[in-house]
Amino acid sequence: MEPIHQGMDQPLDWAEIQVLLLVRRAGSLSAAARAGGISQPTLSRRLAALEARLGATLFHRGARGVQPTGFGEDILAHAEAMDEAAARIALAAHAGGARLTGVVRVAASRIVAQHHLPGILAPLLEAEPGLEIEIAGSDALDDLARREADIAVRMVRPEQPELVARRIGAFELGLFAHESYLARHGTPRTPEELMRHRLVGYDRSDLMRRGFRQMGMDPPRGAFRLRTDDQPAAWAAAMAGAGITPMQVAVAARTPGMVRVLAAVQIPPMPVWLAMPGALRRAPAARRVWDALAEGLTAAVRG
C-alpha cells in the first residue's frame, strides 16, 4: 500500500492513536485486544480501517506477532510523543491544584537499588514533601500486573501487554579487582591469563558463565573460587580482595580501590528498562517518580 495520507480529510483522533499504541506495546493483536478490553476482531477491524484511511501498512503481521513497518515507526514515534504529552498534562494539572501525595513502590535489582536509586530519589523527596517511596531491592522480577510494585527497573524487556515500558539505555560492564588482589597476584593481560586468576561469581545461576562464553571464554565452575547469587555480596567480596568479578562501570568508578582489568574485552552491555502498569501512567505520584527515574538512570548509563 502506497502512502496517500497527505490527502486525509480528517486528522487522527485519540482513540485511533490508542489502538496504535496498544498494538505496539503488546506485540500481537490478541494481546493488544486483551489489554484494551475489546475483542480481537474489533481491534483488527479498527487497525485495518486506520491503515486504509492512511493508505499505508502500519504493521507487518506474522505468526510471531506484529512488527511496525518503516512508515508505522514514523507514525508511532508521534503517537508515543502524544501519549507522553498527555501524561505530562495530567501531572501538571494535578500539580497546579494540589500538593503531590501518595506512596509509590519501586522494584529494582539489588545493585541498582543500592548504587543508583538513593541518589535519584533523595532529591525527589526534598522536592515533593507529600510523596512516600518504597524500594523493593530484589533480583527477582516483581509482578507489576499484580501490583507487587508500581514501577520496576528491569534488565530485560518487559513482555506483559498491560505494561508501559521505556528503554533507558544500557550500562557498560567491565571486569574489576581490588588493587590489593592485583598487588598479590598480578594483573591479567590476556583472556588466557584471566582464566588462571581467582574469579568471584554466581553460585546457582549460570548467567555469569554464559556471559563469559559470549566473550569467547569458558571458565569452569571451579574457576569461581567464591560463589554467591547475592550480587552485592559478590561485589563486596571483590572489594575485599577475593578475586576478579564483572560490574557496571558506573558503580566501579565510585568504588575506591577497584581497578578495571582487560578493558579491551567486550562484555555485552546490560540493558535498562522502566516499566509500570498502563493504568498508573496518569497517576500523578507514580508519573512523578517515573520521570525522576528516567532522568536519573539516563544520566547514569551515560556516565
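Residues numbered from 1 in each chain as written. Predicted model: local features only at pLDDT ≥ 70, side-chain atom pairs only at ≥ 80, totals over all residues. Heavy atoms only, no water.

Trainee: For this particular structure, what's the right way to read the confidence of the model for the protein?
Mentor: One rule of thumb: low pLDDT means the predicted coordinates there are not for detailed reading. Predicted confidence across the protein gives a mean pLDDT of 87, with 90% of residues reaching 70 or more. Every residue in residues 1-7 scores below 50 in pLDDT, and together they form 13 contacts with partners more than four places removed in sequence or on other chains. (pLDDT = per-residue confidence, 0-100. Contact = heavy atoms within 4.5 Å.)

Trainee: Just checking my understanding: could you explain the sheet that holds strand S7 (residues 173-178) for this structure?
Mentor: Sheet strands pair via backbone hydrogen bonds, and the direction of the pair is either parallel or antiparallel. Taken together, 3 strands build an open sheet; the order of strands is S10-S7-S11 and the sheet is antiparallel. Each having just a single partner strand, strand S10 (245-248) and strand S11 (258-261) make up the two edges of the open sheet. Adjacent strand axes in the sheet meet at a mean angle of 55 degrees when their direction is disregarded. Relative to S10, S7 runs antiparallel, the two sharing 4 bridges. Bridge assignment links Leu175 to a residue of S10, and that residue is Pro246. (Pairing = 2+ DSSP bridges. Helix = DSSP H or I, 4+ residues; strand = E, 2+ residues; numbered from the N terminus. Axes fitted to C-alpha atoms, helices over the stretch in contact; angles between N-to-C directions.)

Trainee: What is the right way to look at the packing of aromatic side chains in this model?
Mentor: How two aromatic rings sit relative to each other is given by the distance of their centres and the angle of their planes. Counted according to the given criterion, the structure contains 2 aromatic pairs. When the centroid spacing of 6.2 Å and the interplanar angle of 90 degrees are considered together, the rings of Phe176 and Trp235 count as edge-to-face. Of this pair, Phe176 sits in strand S7 while Trp235 sits in helix H10 (residues 231-239), and the two are 59 residues apart along the sequence. Since its relative accessible area comes to 3%, Trp235 is described here as buried. Taken together, a centroid distance of 5.8 Å and an interplanar angle of 70 degrees make the contact between Phe212 and Phe224 edge-to-face. (Phe/Tyr/Trp six-rings, centres within 6.5 Å; stacked < 30°, edge-to-face > 60°. Buried < 20%, exposed > 50% of the residue type's maximum accessible area, 1.4 Å probe, protein only.)

Trainee: What exactly am I supposed to notice about the sheet that holds strand S12 (residues 270-277) here?
Mentor: Taken together, 5 strands build an open sheet; the order of strands is S4-S3-S5-S12-S6 and the sheet is mixed. A strand with exactly one partner marks an edge of an open sheet, and here the two such strands are strand S4 (131-137) and strand S6 (163-171). With strand direction ignored, the average angle separating the axes of adjacent strands in the sheet is 20 degrees. As judged from the 3 bridges shared by strand S5 (residues 151-154) and S12, these two strands associate in the antiparallel manner. In the strand pairing of S12, Ala152 is matched with Ala275.

Trainee: It is not clear to me how the side chain of Thr69 should be interpreted in this structure. Could you clarify?
Mentor: Inspection of the secondary structure puts Thr69 in the loop between strand S2 (65-68) and helix H4 (70-97). The contacts of Thr69, once residues within four sequence positions are left out, are Thr57, Leu58, Phe59 and His60.

Trainee: Is there a simple way to think about the pattern of salt bridges in this case?
Mentor: A side chain with one charge can pair with a side chain of the opposite charge if their charged atoms come near. For the coordinates displayed, the defined rule picks out 12 salt bridges. Note that Glu134 is salt-bridged to Arg105, the shortest N-O span being 3.2 Å. Here Glu134, found in strand S4, pairs with Arg105, found in strand S3 (residues 102-108); they are 29 residues apart in sequence, far enough to count as distant. Salt-bridge contacts for Glu128 lead to Arg288; the nearest nitrogen and oxygen are separated by 2.9 Å. Placement of Glu128 in the loop between helix H6 (117-127) and S4 and of Arg288 in helix H12 (residues 284-302) is noted, with a sequence separation of 160 residues between them. Taking the relative accessible area as the measure of exposure, Glu128 reaches 14% and is therefore buried. Owing to a relative accessible area of 24%, Arg288 belongs among the partly exposed residues under this scheme. Linked through salt bridges whose partners overlap, the residues forming this network are Arg209, Arg213 and Asp218. (Salt bridge = Lys/Arg side-chain N within 4 Å of Asp/Glu carboxyl O.)

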